[in-house]
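# Topology and contacts: notes
Listed below are the residues making up each chain.
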Amino acid sequence: MAKPKVAFYWCASCGGCEETVVDLNEDILKVTAAVDIVFWPVALDFKRKDVEALGKGEIAVSFINGAIRSSEQEEMVKLLREKSGLVVAFGSCAHLGGIVGLANFWTKKEIFENVYKTRYTTVNPDGVFPQEKTETKEGTLTLPKFYDTVKTLDQTIDVDYYLPGCPPPPSLIMSAVTTILSGKLPEKGAVLAPNKSLCDTCPRADTKPEKLIMKEIKRPHEIMADPNKCFLEQGIICLGPVTRAGCEERCINANMPCRGCFGPAKGIEDQGAKGLSAIASILGVEGEEKMTDEEAKKMIDQIVDPAGTFYRFSLPASLLKRKKMKEEVK
Amino acid sequence: MGINMGICGDVLGKKDLMEKTFEPKIICFLCNWCTYAGADLAGTSRIQYKPNGIPIRVMCSSRVDPMHILWAFKHGADGVLIGGCHPGDCHYQNGNYKTRRRVFLLEKVLKDFGIEPNRLKLEWISASEGRKYAKVIDEFIEEIRKLGPLAMEQSEE
């Protein structure tokens, strides 16, 4: 019997998700023993025409990482969807929009102005911007269209499963691959990670006091964090309470707080709003009765860039998805 | 006041009506123990105030999750009013302080979403302040009228 075919593809991403596949180390041999990789731009020399030549649904599983922000990415994932039996959104960007999704706080125009014009490392006196079509002597050159809005994979194509994480840990990938190959498929739309919140599995969970209060906010670089104490109690914003577990507490073990890459724990619709709510609820509770609105505001102002902090990985998947588009920009 | 075109126009799908006079749609989350009772008093005292507010009774202002507020903005609210007990009066001792912190923090985030922070308003209104409720809601409606419709539609490009 022929081995099932598997494809890997990347969209708007950093390459870390590809790296984590390589991080399977010897286990990758088990994967290649069980499947045929028919498309993997980062590692294997297959082209788009090779994918086009495959039959409908011929690829058993496509693992797609990265968010969708250009017409090329949209075309490619639509092609892969057609050729694949299952599509797995691989990593934070495909799952929720990820770090690149933070671009949704700006518009295409603002991004282009910044990158190609006003940035102090940019020299562009003629104000040339990337064009979708450029006429030259040799012919017409084309570039993919750059969208205003970064989208998650499931806002572009139908997605069967999600593998969260920035990047997903190798153990989680291995168990996902084994589950899918075994044929015992979980319910469609499942996130292939535990449903608990990170606090539930945190190695510092026991140090969390009965009544958790953040007296003041500290950023991770401002203090030497005690490696055996709950981050929130130390005044460091940690998104553990609202984030899905399953990451093997990699950040916590490196003495860094959770930044929320696994996305919302089950039942949470908007990770950013929920995180904001959780932190605001435990911040500076003492002596609040006598606090004026200005004093309360000042306390809140300790949180630098709240939108970027709470929506770090999930802006395109959040309720509002992006900054409001002004009429003239449309 | 006549027909409330902002709300009815939407229901009837008569967009041209809405464009003629913009009537803000305001979602009001009112705490059971103070502000909702205050709004009730405004009603039983027959105090006149504008009908653009849609009241939603919650047990405590701190029951209002920031998600509820964002959801309201996403689905067509032009403004959100949260009414709670005066400091020190919270039925659950400190719920209103939590609300205050969340609202102040959410206001900062709203700016990044391109939503004017004054579309979200937090007011302490007690059960005896029917008149204040009417005044606050009238003033808030006028403030939102000046800001214009929020229209959070998403661009596809």
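Residues numbered from 1 in each chain as written. Chains lettered and ligands numbered in written order. Predicted model: local features only at pLDDT ≥ 70, side-chain atom pairs only at ≥ 80, totals over all residues.

## Points about the pairing of strand β6 (residues 133-136) of chain A
All names here are of chain A. Our working definition: Pairing between strands is defined by DSSP: at least two bridges between the two strands are required. Secondary structure elements are taken from DSSP: a helix is a run of H or I of four residues or more, a strand is a run of E of two residues or more, and numbering for both begins at the N terminus.
With four bridges connecting them, β6 and strand β7 (residues 139-142) associate as antiparallel partners. In the sheet register, Lys 133 faces β7, and the bridge partner there is Thr 142. In sequence, β6 turns back onto β7 through a hairpin of two residues.

## Let's talk about the nonpolar core
Side chains of nonpolar character tend, in soluble globular proteins, to be buried together. To be explicit about the condition: Structurally, a nonpolar core is described as a collection of buried Ala, Val, Leu, Ile, Met, Phe, Trp, Tyr and Cys residues joined by way of C-beta atoms within 7 Å. Each residue is classified by how many other C-beta atoms fall within 10 Å of its C-beta atom, where C-beta atoms are placed from the backbone; a count of 20 or more means buried, 12 or fewer means exposed, and values in between mean partly exposed. Contact criterion: two residues are in contact if their C-beta atoms, reconstructed from the backbone, are within 7 Å.
Ranked by size, the top nonpolar core spans 75 residues in total, and within it Leu276(A), Ile26(B), Ile69(B), Phe73(B), Val80(B), Leu105(B) and Leu106(B) carry the most contacts. Looking at this core, the element that brings in the most residues is helix α6 (residues 130-147) of chain B, giving seven residues. Non-local contacts of Ile26(B), meaning those with residues more than four positions away in its chain, are made with Asn52(B), Gly53(B), Ile54(B), Ala77(B), Asp78(B), Gly79(B), Leu81(B), Phe140(B), Ile141(B) and Ile144(B). With 51 residues, the next largest nonpolar core counts Ala67(A), Leu96(A), Ala103(A) and Leu163(A) among its residues.

## Side note on the interface of chain A and chain B
Contacts between the two partners involve 29 residues from chain A and, on the opposite side, 26 residues from chain B. Secondary structure elements with two or more residues in the side of chain A that touches chain B: β8 (146-151), α10 (271-282), α11 (293-300) and α12 (306-310) of chain A. It is α10(A) that provides the largest number of residues to the side of chain A that touches chain B, a total of six residues.

## Some words on the sheet that holds strand β1 (residues 26-31) of chain B
All names here are of chain B. Threshold: Note on definitions: angles span 0 to 180 degrees between N-to-C directions of axes, and those axes are lines fitted to C-alpha atoms, for helices only across the stretch in contact.
Read across the open sheet, the four strands follow the order β2-β1-β3-β4; overall the sheet is parallel. Either end of the sheet is taken by a strand with one partner, and the two such strands are β2 (53-58) and β4 (120-124). For this sheet, the mean angle separating the axes of adjacent strands, direction not counted, is 20 degrees. Looking at chain direction, β1 and β2 are connected through six bridges and run parallel.

## Digging into the domain arrangement of chain A
For interface size, the figure often reported is the accessible area lost on association. This is how it is decided: How far each domain reaches was decided by an automatic or database domain assignment.
We note that the domain assignment places domain 1 (5-100 + 148-182), domain 2 (108-133 + 140-146) and domain 3 (198-317) within chain A. Centre-to-centre separation of domain 2 of chain A and domain 3 of chain A, based on C-alpha positions: 37 Å.

## Section: the sheet that holds strand β9 (residues 161-163) of chain A
All names here are of chain A. Read from one edge of the open sheet, five strands run β2-β1-β3-β5-β9, paired in parallel fashion. In the strand order of this sheet, the two ends are held by β2 (36-39) and β9, each with one partner. Across this sheet, the average inter-strand angle for adjacent strands is 30 degrees, counted without regard to direction. Looking at chain direction, strand β3 (residues 59-65) and strand β5 (residues 84-90) are connected through six bridges and run parallel. Along β5, the bridge assignment pairs Asn 65 with Phe 90.

## Focus on helix α7 (residues 170-182) of chain A
Count 3.6 residues to each turn of an α-helix, and residues three or four apart come out pointing the same way. Residues and elements named next belong to chain A. Quick note on the threshold: Between the first and last residue of a helix there are one fewer steps than residues, each counted as 1.5 Å, and that sum is the expected span. The directions from the helix axis to the C-beta atoms form the arc being described.
Here α7 is 13 residues long and its end C-alpha atoms lie 18 Å apart, about the 18 Å a rise of 1.5 Å per residue gives. Every buried residue of α7 is listed here: Leu 172, Ile 173, Ala 176, Val 177 and Ile 180. Summarising the axial view, the buried residues of α7 lie within an arc of 130 degrees, below the 170-degree limit, and thus occupy one face. Across α7 from its buried face, at more than 90 degrees, point the exposed residues Ser 171 and Ser 182. Phi for Gly 183, located one or two positions after α7, is positive at around 85 degrees.

## Brief notes about unusual backbone geometry
All names here are of chain A. The step from Cys 166 to Pro 167 runs through a cis peptide bond, and the omega angle for that step is -10 degrees. Take Pro 167: it is sitting in the loop between β9 and α7. Residues other than glycine seldom take positive phi values, yet Glu 248 does so here, at roughly 65 degrees. Residue position: Glu 248 is located in the loop between α8 (198-201) and α9 (250-253). One non-glycine residue, Asp 305, adopts positive backbone phi at about 50 degrees. Secondary-structure assignment places Asp 305 in the loop between α11 and α12.

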